[in-house]
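Observations on chain architecture
So the chains spell out like this:
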Amino acid sequence: MKKTVFLSILILGLLSCGSDDRTMETSGLVGQWKLTEAFISAGGPQYWVDVENGEEFTFFENGTFSSNRFSECTTGIFSTDQNSLSLQYDCDGFDPKSENLEGFITFDLELETNYFIVTPTSGPICIEGCSYKYTRR
């Protein structure tokens, strides 16, 4: 009987760790961010360039976001899954031209404490590769 109780507690503990990891990843994104650098190429090696007046995102704990990226639509929902970020704008008739078939704009995500880097994985993708660095505000 003691073994059964111990195993049940152990299994519940392991299952709860997995969901905590996802919550921690999403909660690490919560806050205000500004685009500060872009990793680009003009046909040769890639390099970082500073971005002046970069777009801004605010990610909220309830899974929504606001952004000044598009003037036609400034709000939506977001989710993270391991090393990816998905954004879905919530304005009727809005077509950002970079959505996947499910209606999400997707990125590979590298999340650090004071910045994150995204690389587009949906819509028009840079042939030479491109990434964008957002810094916590």
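That block above? That's the structure.
Described in the following lines is the structure provided in the data block. No experiment lies behind these values; they were computed from the predicted model shown. (Residues numbered from 1 in each chain as written. Predicted model: local features only at pLDDT ≥ 70, side-chain atom pairs only at ≥ 80, totals over all residues. Heavy atoms only, no water.)

**A few points about the overall build of the chain**
- Counting secondary structure elements, the chain contains one helix and nine strands.
- Each helix and strand of the chain, ordered N terminal to C terminal, gives the series α-β-β-β-β-β-β-β-β-β.
- In the chain, which comprises 137 residues, the share counted as buried stands at 31%.
- For the chain, the proportion of contacts with a sequence separation of at least 24, taken over those separated by at least 6, is 39%. (Helix = DSSP H or I, 4+ residues; strand = E, 2+ residues; numbered from the N terminus. Buried < 20%, exposed > 50% of the residue type's maximum accessible area, 1.4 Å probe, protein only. Contact = heavy atoms within 4.5 Å.)

**What to know about the pairing of strand E5 (residues 75-81)**
- Here E5 shows one buried face, formed by Gly76, Phe78 and Thr80, and one open face, formed by Thr75, Ile77, Ser79 and Asp81.
- Taken together, the three bridges between strand E4 (residues 64-67) and E5 define a ladder with antiparallel strand orientation. The residue of E5 that forms the bridge with threonine 64 is isoleucine 77.
- Across six bridges, the pairing between E5 and strand E6 (residues 84-89) is antiparallel. In the sheet register, glycine 76 faces E6, and the bridge partner there is tyrosine 89.
- Connecting the antiparallel pair E5 and E6 is a turn made up of two residues, with glutamine 82 showing a positive phi of about 55 degrees. (Pairing = 2+ DSSP bridges.)

**Here we look at the environment of glutamate 72**
- If you trace the backbone, glutamate 72 turns up in the loop between E4 and E5.
- What makes glutamate 72 exposed here is its relative accessible area of 57%.
- Sequence separation between glutamate 72 and cysteine 91 is 19 residues, and the spatial gap between their C-alpha atoms is 8.2 Å.
- Discounting residues that sit within four places of it in the chain, glutamate 72 has contacts with Cys91 and Phe94.

**Regarding the packing of aromatic side chains**
- Taken as a whole, this structure holds 13 aromatic pairs when the rule is applied.
- For the ring pair phenylalanine 57 and phenylalanine 65, a centre distance of 5.8 Å and an interplane angle of 50 degrees mean the geometry is tilted.
- Phenylalanine 65 sits in the buried class, given a relative accessible area of 2%.
- Here a set of aromatic residues connected by ring pairs shows up, and it is made of Trp33, Phe57, Phe59, Phe65, Phe70, Phe78, Tyr89, Phe94, Phe116 and Tyr134. (Phe/Tyr/Trp six-rings, centres within 6.5 Å; stacked < 30°, edge-to-face > 60°.)

**Things to note about the state of the cysteines**
- Enumeration according to the criterion identifies two disulfides in this entry.
- In this model cysteine 73 forms its disulfide with cysteine 91; the gap between the sulfur atoms is 2.1 Å. Negative torsions about the S-S bond denote left-handed disulfides, and the value of about 85 degrees found for cysteine 73 with cysteine 91 makes this one right-handed. Linking cysteine 73 in the loop between E4 and E5 with cysteine 91 in the loop between E6 and strand E7 (105-111), this pair joins segments that are 18 residues apart in sequence.
- Cysteine 73 gets classed as buried once you look at its relative accessible area, which sits at 1%.
- Looking at the chain, its bonded cysteines, counted consecutively from the start of the sequence, adopt the pairing 1-2, 3-4. (Disulfide = S-S within 2.5 Å.)

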